[in-house]
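Single-letter residue listing:
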Amino acid sequence: MVVNGSTKKPERMIQEYVPGKQVTLAHIIASPDEDIYTKLGLDDDHNALGILTITPSEASIIASDIATKAGNVKLGFIDRFSGSVVICGDVSDVESALNQVITKLQTILDFSVPMITRT
């Protein structure tokens, strides 16, 4: 960097990630390829996956509880360190569970939430 005709090294900048209370991803995969189940280490006896990413990551535990109580879905994966949750079930059950998670996290805990997307 050049300042007033002299070269000056830029000052060191430190950036921190400060997560808010938010669901950053809520997605339904209808009829996933068999390889996805295999790579995730899940049984392929379901026809849909629901994927959530949540901060703070500990809220993934709450989301998992809400999802499994909301309908006939199974918990495929939960990571309380990254905030990732994967649920398995029929498309309508997965959709209903994701809707319940989004609604309850927003209304009870004042989370920011996204639209549920689908492929």
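Before any of the text, the structure's been laid out above.
What you are looking at is a predicted structure, and each value in this text was computed from that prediction instead of being measured.

Visitor: Help me understand the overall build of the protein chain, please; the structure alone is not making it clear to me.
Guide: Within the protein chain, the secondary structure is distributed over three helices and seven strands. Taken from the N to the C terminus, the helices and strands of the protein chain come in the order β-β-β-α-β-α-β-β-α-β. A fraction of 60% describes how many contacts in the protein chain between residues 6 or more apart in sequence connect residues 24 or more apart. Of the roughly 7,800 Å² of accessible surface on the protein chain, a fraction of 51% belongs to carbon and sulfur atoms.

Visitor: Looking at this structure, how should I read the sheet that holds strand E7 (residues 117-118)?
Guide: Remark on secondary structure: sheet strands pair via backbone hydrogen bonds, oriented parallel or antiparallel. Taking strand neighbours across the sheet as the criterion, the five strands line up as E5-E6-E4-E3-E7 in an open arrangement whose pairing is mixed. A single partner strand is all that each edge strand has here, and the edge strands are strand E5 (73-79) and E7. Sheet topology places strand E3 (residues 22-30) next to E7; two bridges connect them, and they run parallel. Counted as the bridge partner of His27 is Thr117 from E7. Packed on one face of the sheet, helix H2 (residues 59-70) meets strand E4 (48-55), E5 and strand E6 (84-89) and runs near 175° to E5.

Visitor: Looking at this structure, I do not really get the pattern of salt bridges. What am I missing?
Guide: Two side chains carrying opposite charge are able to pair once their charged atoms lie near each other. With the rule as written, the count across this model stands at two salt bridges. A salt bridge links Asp65 to Lys69, with the shortest nitrogen-to-oxygen separation between them at 3.2 Å. Of the two residues, Asp65 and Lys69 both sit in helix H2, four residues apart, roughly one turn of that helix. With a relative accessible area of 35%, Asp65 lands in the partly exposed category.

Visitor: Please explain the environment of Leu75 as it appears in this structure.
Guide: Relative to the helices and strands, Leu75 resides in strand E5. Residue Leu75 is classed as partly exposed on the basis of its relative accessible area of 40%. The sequence separation of Leu75 and Ile87 amounts to twelve residues, and the corresponding C-alpha distance is 4.6 Å. Apart from residues lying up to four places away in sequence, Leu75 is in contact with Ser64, Thr68, Val85, Val86 and Ile87.

Visitor: Hey, could you run me through the pairing of E4 in this one?
Guide: Successive side chains on a regular strand alternate, one facing one side of the sheet and the next facing the other. The buried fraction of E4 is high, at six of eight residues. Where E4 lies against E6, six bridges are found, and the strand directions are antiparallel. Bridge assignment links Ala48 to a residue of E6, and that residue is Gly89.

Visitor: Please explain a nonpolar patch on the surface as it appears in this structure.
Guide: Taken together, the side chains of Ile61, Leu75 and Ile78 present a nonpolar region at the surface, about 230 Å² in accessible area. Turning to its location among the elements, Ile78 is positioned in strand E5.

Visitor: Please explain unusual backbone geometry as it appears in this structure.
Guide: Trans is the common state for peptide bonds, and a negative phi is the common state for residues other than glycine. Pro56 follows Thr55 through a cis peptide bond whose omega is -5°. Locating Pro56 in the fold gives a position in the loop between E4 and H2. Backbone geometry at Ser31 places phi at a positive 50°, although glycine is not the residue there. A positive phi angle, close to 60°, is found at Asp110, a residue other than glycine. The residue Asp110 is located in the loop between helix H3 (91-109) and E7 in this model.

About the cut-offs
- Residues numbered from 1 in each chain as written.
- Predicted model: local features only at pLDDT ≥ 70, side-chain atom pairs only at ≥ 80, totals over all residues.
- Heavy atoms only, no water.
- Helix = DSSP H or I, 4+ residues; strand = E, 2+ residues; numbered from the N terminus.
- Contact = heavy atoms within 4.5 Å.
- Areas by Shrake-Rupley, 256 points an atom, 1.4 Å probe, with all protein chains shown as cover.
- Pairing = 2+ DSSP bridges.
- Axes fitted to C-alpha atoms, helices over the stretch in contact; angles between N-to-C directions.
- Salt bridge = Lys/Arg side-chain N within 4 Å of Asp/Glu carboxyl O.
- Buried < 20%, exposed > 50% of the residue type's maximum accessible area, 1.4 Å probe, protein only.
- Patch = residues over 30% accessible without salt bridge, like charges linked within 9 Å, V, L, I, M, F, W, Y side chains within 5 Å.

It is worth stressing that arrangement in space is one thing and function is another; only the former is reported here.
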